[in-house]
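# Commentary on secondary and tertiary structure
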Amino acid sequence: MTHAMLKGSNVPLDATAVRAVLRWTPGAGVPDVDASALLVSPEGSVRSDEDFVFYNQPRHPSGLVRHLPKTQLADKLTDTIEADLAALEPSVDRVVLAASSDGGAFAGVTDLQVLLYDAAASDGEPLAVFDVVPETGDETALICGELYRRADTWKFRALGQGYETGLVGLATEFGISVDENEAAAGRSAPTAPTAPTASEAPVSAPPAPEPTPADKPSTGDAPGPSAAAPPTPP
């Protein structure tokens, strides 16, 4: 049975491995969305920068949390995080499931949902579905939900907590060290224009300036100071 989640609600999980799928409707002017995950200790911060799984670091060193490539499904786009919960070491208290937007704030993202599946099942209905609605619309990063331990079991909580400071701000709050120079450069590198042929280029036209390369934010070499993360209610 699929649980339709409300913000703040939680549901126990029987699955030992899950697949969290972010799904939205793309279109002209709609920002792109990227999924990410943070492996958080009981103290509320990551243990190291390696605990941040996202587009530039798609696989945790343990192999137990993975970011999968985007997929087109009919008129929807999806971005996915997989986590083997049963095998995670006890020092991981929760796995925060986040989303960041590129090309605008989440007010411009349509039909955003997080769907939680049993990763061991090849098909079937999702275990839980949560319609993620930003509070102000100005957010460029959201905590969509979290997978968290309760004794020997795992639960999923629907959240929808937003950050106007984007993925950098969200990561910093959980103790990730972010290279500010790379982060300021932007999310993705522009493609260099193709040089015109001699017959196509105007004789008097000056050469086009080379574009400044940019890249998505990446984590640094060492974790920064841990910021206080919101406490997890029971």
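Everything that follows concerns the structure shown earlier in this document.
Residues numbered from 1 in each chain as written. Predicted model: local features only at pLDDT ≥ 70, side-chain atom pairs only at ≥ 80, totals over all residues. Heavy atoms only, no water.

## Topic: the overall build of the protein chain
The criterion, for reference: To qualify as a helix, a DSSP run of H or I must reach at least 4 residues; to qualify as a strand, a run of E must reach at least 2; elements of each kind are numbered from the N terminus. Residue exposure (1.4 Å probe, protein chains only): buried if accessible area is under 20% of the type maximum, exposed if over 50%, otherwise partly exposed. The criterion used for residue contact is that any of the two residues' heavy atoms lie within 4.5 Å. A 1.4 Å probe and the Shrake-Rupley method give the accessible areas. Residues count as covered only by the protein chains that appear here.
Per the secondary structure count, the protein chain includes 2 helices and 12 strands. When the elements of the protein chain are put in sequence order from the N terminus, they spell out β-β-β-β-β-β-β-β-β-β-β-β-α-α. Counting across all 234 residues of the protein chain, residues that qualify as buried make up 45%. Pairs at least 24 apart in sequence give 72% of the contacts found in the protein chain among residues at least 6 apart. Carbon and sulfur atoms provide 55% of the accessible area of the protein chain, an area that totals close to 11700 Å².

## Quick notes on the sheet that holds strand 3 (residues 17-25)
The pairing of strands in a sheet comes from backbone hydrogen bonds and takes either a parallel or an antiparallel form. Cut-off, in case you're wondering: We call two strands paired when DSSP finds no fewer than two bridges between them. A fitted line through C-alpha atoms represents every axis, and for helices the fit uses only the stretch in contact; the resulting angles, taken between N-to-C directions, go from 0 to 180 degrees.
Taking strand neighbours across the sheet as the criterion, the 6 strands line up as 1-10-9-3-7-6 in an open arrangement whose pairing is mixed. Across the chains shown, the open sheet's two edge strands, defined by having one partner strand only, are strand 1 (3-5) and strand 6 (65-73). Ignoring strand direction, the axes of neighbouring strands in this sheet form an average angle of 20°. In this sheet, strand 7 (residues 76-84) lies alongside strand 3 in antiparallel orientation, the contact comprising 8 bridges. Each residue of the ladder has a partner; that of Val21, found in strand 7, is Thr80.

## So, empty space enclosed by the protein
For clarity, the threshold we go by: Here a cavity means grid points, on a 1 Å grid over the protein atoms only, where a 1.4 Å probe fits yet cannot get out; a pocket means an open set of points with protein on both sides within 12 Å along at least five of seven lines; lining residues are those with an atom within 4 Å of a point. Grid points are joined across faces, edges and corners, and a volume is the space filled by probe spheres set on the points. Three classes are used, and their members are as follows: Ala, Val, Leu, Ile, Met, Phe, Trp, Tyr, Cys and Pro are nonpolar, Asp, Glu, Lys and Arg are charged, and the others, Gly among them, are polar.
Applying the stated criterion across every chain, the model contains 2 cavities of 30 Å³ or more. Taken together, Ala20, Leu22, Ala35, Ser36, Ile81, Leu97, Ala98, Val114 and Cys144 make up the full set of residues lining the second largest cavity. Only strand 3, strand 4 (32-40) and strand 8 (94-102) provide two or more residues apiece to the lining of the second largest cavity. Broken down by class, the residue content of the lining of the second largest cavity amounts to 8 nonpolar, 1 polar and no charged.

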